[in-house]
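Spelled out, the chains give:
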There are 2 protein chains.
Amino acid sequence: MSGNKHPRVRRLTIGALSKHTGCNIETIRYYERIGLLPDPPRTEGGHRDYDEDHLKRLAFVRRGRELGFTLDQIRGLLRLVDGGDFTCADVQRITLSHIAEIRDKISDLRKMERVLKEMVSKCEGGDIPECHVIDVMFASLGK
Amino acid sequence: MSGNKHPRVRRLTIGALSKHTGCNIETIRYYERIGLLPDPPRTEGGHRDYDEDHLKRLAFVRRGRELGFTLDQIRGLLRLVDGGDFTCADVQRITLSHIAEIRDKISDLRKMERVLKEMVSKCEGGDIPECHVIDVMFASLGK
DNA sequence: CTTGAACCTGTAGTTACTACAGGTCCCATA
DNA sequence: TATGGGACCTGTAGTAACTACAGGTTCAAG
């Protein structure tokens, strides 16, 4: 058994972390700065020296972002997990309220889409110097 | 006919403009600063002195924002209109591409919603220290 | 030992506002 | 006419979540 090799922990540069997660390097450093990722140990020369735990944590953050959580919500989730005293109910509550926010956004966007489609459907679309869309947007007050 | 009265133009303070449009005062000044609204004339004491044209323009901007246009898109629309040489086709193109952006956002959000619902549906929800949502979010890499 | 890619820190820019601080002006009332 | 307080002024800084440098150091392959 090979003496002083420690294959237990795979060492990763920030570039490798970036490649594995698809998260760009500046963003990783940003997450560290705002305390979402722990300060990793450094090599002699001062380069960041990550391991698999950092990788998992960053992946968690990225996955959270893909699911539309804010960094603050993600921070909240991580604190729960780090504290070790989280319950499924806690996480469920946070997730459900996030789902509700997403639904609200969707309904706002659908309303916009509906109104815009309605407006644009009345356009001639030609090379003429007047447009129903503009008229409606200017007419939205008083008159 | 009453000599030096000029009822032709209703004069408005920034506060009045704010009330009419629902746009907050700081935001009006911000729009002026970034060149979306023209610098209005001032009273002797330096207060902004608006008229109905300013009101219409601000209403246009607000309406655009409600419809999800960015300030840059609105700036584009206003430039077209101000230039006087816009065509219905121009506006239609801009509007259609905005609608496409909105559709993309909606579909992103729907995807998030679907995934989150699926995740949360597998939660026990109880007072237990483990959660399917957390598991999935941590498991999203390699594993 | 050299070279160039990868890394480092620190700062500033992005979008669309919002929130002051620290002053000045306006005008209705006493 | 004096005055008080609300409305207004400028300028700066903060928000979210990054991104983009500049200007320097380290690493690793040849």
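Conventions adopted
Residues numbered from 1 in each chain as written. Chains lettered and ligands numbered in written order. Predicted model: local features only at pLDDT ≥ 70, side-chain atom pairs only at ≥ 80, totals over all residues. Heavy atoms only, no water. Contact = heavy atoms within 4.5 Å. Buried area = accessible area lost by both parts, 1.4 Å probe. Salt bridge = Lys/Arg side-chain N within 4 Å of Asp/Glu carboxyl O. Near = heavy atom within 4 Å. Polar contact = N/O pair within 3.5 Å; in protein donor to acceptor, adjacent residues only side chain to side chain. Helix = DSSP H or I, 4+ residues; strand = E, 2+ residues; numbered from the N terminus. Expected span 1.5 Å × (residues − 1). Buried < 20%, exposed > 50% of the residue type's maximum accessible area, 1.4 Å probe, protein only.

### With respect to the interface of chain B and chain A
Next up, step 1: If you look at the interface, chain B gives 53 residues, while chain A gives 53 residues.
Next up, step 2: Of the roughly 4900 Å² buried between chain B and chain A on both sides combined, carbon and sulfur atoms contribute 79%.
Next up, step 3: Our enumeration of links across chain B and chain A arrives at two salt bridges.
Next up, step 4: Glu113(A) is the salt-bridge partner of Arg103(B), the closest N and O atoms lying 2.7 Å from each other.

### Some details on the protein's contact with DNA strand C
Next up, step 1: In the region of DNA strand C, 21 residues are neighbours, and Arg29(A), Arg48(A), Glu26(B), Thr27(B) and Arg65(B) sit closest.
Next up, step 2: Taking Gly15(A), its main chain carries an N or O atom lying 2.9 Å from a phosphate oxygen of DNA strand C.
Next up, step 3: The separation between a base nitrogen of DNA strand C and a polar side-chain atom of Tyr30(B) is 3.3 Å.
Next up, step 4: Mapped onto the surface near DNA strand C, the elements with two or more residues apiece are α1 (14–21) and α2 (25–33) of chain A together with α2 (25–33) and α3 (52–66) of chain B.

### Let's talk about the side chain of Arg48(A)
All names here are of chain A.
Next up, step 1: Here Arg48 lies in the loop between α2 and α3 (52–66).
Next up, step 2: A polar side-chain atom of Arg48 sits 2.7 Å from a polar atom in the side chain of Glu32.
Next up, step 3: Those residues in contact with Arg48 that sit more than four places away from it in its chain are Leu12, Thr13, Ile14, Arg29, Glu32, Pro40, Pro41 and Arg42.

### With respect to α3(A)
Next up, step 1: Spanning 15 residues, α3(A) covers 21 Å between terminal C-alpha atoms, matching the ideal 21 Å at 1.5 Å per step.
Next up, step 2: All of the buried residues along α3(A) are His54(A), Leu55(A), Arg57(A), Leu58(A), Ala59(A), Phe60(A), Val61(A) and Gly64(A).
Next up, step 3: In this fold, the buried residues of α3(A) make contact with α1, α2 and α4 (71–83) of chain A together with α6 (132–138) of chain B.
Next up, step 4: The backbone nitrogen of Asp53(A) lies 2.9 Å from a side-chain oxygen of the residue at the head of α3(A), namely Asp51(A).
Next up, step 5: Within two residues after α3(A), Gly68(A) carries a phi angle of roughly 85°, on the positive side.

Read these as spatial facts, not as claims about activity.
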